[in-house]
Amino acid sequence: MRSQKIDIRNLFIEVYKAYPAKTVHKDGIENSNNIILPPSALNELSHMNDFNNSNAPILFRILNIELNIFTHCGVAEFTAEEGTCYLPTTMFDRLCLMEGQKVSIRNTALKLGTFIKLQPHLTEFTENPEHNILEYNLRNYFCVTEGDTISVKHGGKTYKLDVIECKPEKAIRTLNTNIEIDFCPSKDYKVPSKDV
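Residues numbered from 1 in each chain as written. Predicted model: local features only at pLDDT ≥ 70, side-chain atom pairs only at ≥ 80, totals over all residues. Heavy atoms only, no water.

(A) Main features of unusual backbone geometry. Residue Lys-167 is joined to Pro-168 through a cis peptide bond whose omega torsion reads 10 degrees. Residue placement: Pro-168 occurs in the loop between β10 (157-167) and β11 (171-173). Despite not being glycine, Asn-68 shows a phi value in the positive range, around 55 degrees. For Asn-68, the position within the fold is in the loop between β3 (59-64) and β4 (69-77). For Cys-96, which is not a glycine, the phi torsion comes out positive at approximately 55 degrees. Among the structural elements, Cys-96 can be located in the loop between α3 (89-94) and β6 (102-108). (Helix = DSSP H or I, 4+ residues; strand = E, 2+ residues; numbered from the N terminus.)

Next comes the structure, spelled out in structure tokens:
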């Protein structure tokens, strides 16, 4: 098998100190997996061929360097202080980070998703007749990775759903694609007791 050459002109790899977005009152990204990077990241990315020649969102693999835990994300804006990045709380928890801990961020390409299996934390979510709330909220997630937790906001409440399975790979792009969605029983589901 022939090895694929990597064009280093299209490779973005940086290390930043990570903080939860809520510490800088960036609540707008809480119901997403989009991060905030510094302006220098935009400057570096804008010189890459892939950045200028693609309509696809910029996606990243973000890694807790100490624990070797990673997930994938998009970018919301480029307003962080230099040397830092800000993450939604669910991503911060997923990566088992402490404030100021270093993460490695590199750009990546993911395949278009065809299937996601989700597990709601609350049965109340599955009982909601407005199923389009999930489709609407998924627009805030450019990609998902097995093991992630996504947040869905509806009616003044925030519902959490764990990503149990993705196809065709364990990490997929979710923007601008039709994805089949299936649900596992919710975490708080109790089997109805049989009356004797």
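(B) Highlighting the packing of aromatic side chains. If you walk through the whole model with that rule in mind, you get 4 aromatic pairs. Residues Tyr-19 and Tyr-86 carry aromatic rings whose centres are separated by 6.1 Å and whose planes lie at 40 degrees to one another, so their mutual orientation is tilted. Taken together, the positions of Tyr-19 in strand β1 (residues 13-20) and Tyr-86 in strand β5 (residues 84-87) put the pair 67 residues apart, joining distant regions of the chain. Ring centres of Phe-125 and Phe-183 lie 6.2 Å apart, and the angle between their planes is 55 degrees; on these two criteria the pair is classed as tilted. (Phe/Tyr/Trp six-rings, centres within 6.5 Å; stacked < 30°, edge-to-face > 60°.)

(C) The arrangement of the environment of Leu-175 in detail. With respect to the helices and strands, the residue Leu-175 is situated in the loop between β11 and β12 (180-183). Along the chain, Leu-175 and Val-144 lie 31 residues apart, while their C-alpha atoms are 10.0 Å from each other. Look past the residues within four positions of Leu-175 in its chain and what remains in contact with it is Pro-57, Leu-112, Arg-139, Tyr-141 and Phe-142. (Contact = heavy atoms within 4.5 Å.)

(D) Structural view of the nonpolar core. Core analysis: the biggest nonpolar cluster contains 21 residues, and Phe-12, Leu-37, Phe-60, Ile-62, Cys-85, Leu-87 and Ile-105 have the highest contact counts within it. Taken together, the elements giving at least two residues each to this core come down to β1, α1 (39-45), β3, β4, β5, α3 and β6. Once residues lying within four places of it in the same chain are set aside, the contact partners of Phe-60 are Phe-12, Leu-37, Leu-45, Thr-71, His-72, Cys-73, Gly-74, Val-75, Ile-105, Arg-106, Asn-107 and Thr-108. Within the second largest apolar cluster, 16 residues are counted, among which are Ile-116, Val-144, Ile-150 and Ile-172. (Core = buried A, V, L, I, M, F, W, Y, C linked by side-chain atoms within 4.5 Å. Buried < 20%, exposed > 50% of the residue type's maximum accessible area, 1.4 Å probe, protein only.)

(E) Structural detail: the pairing of strand β7 (residues 115-120). Taken across its 6 residues, β7 has 5 buried, putting it largely inside the fold. As paired elements, β7 and β10 share 6 bridges and run antiparallel to each other. Counted as the bridge partner of Phe-115 is Lys-167 from β10. Judged from the 4 bridges that link them, β7 and β12 form a sheet pairing that is parallel. Within the sheet, the bridge partner assigned to Phe-115 lies in β12 and is Glu-180. (Pairing = 2+ DSSP bridges.)

(F) The arrangement of the pairing of β3 in detail. Across the 6 residues that make up β3, a large majority, 5, are buried. Here 6 bridges tie β3 to β6, and the two strands are oriented antiparallel to one another. Residue pairing across strands places Leu-59 opposite Thr-108, the latter belonging to β6. By the bridge criterion, 5 bridges tie β3 to β4 in an arrangement that is antiparallel. Pairing of Ile-62 across the sheet is with Thr-71, part of β4.

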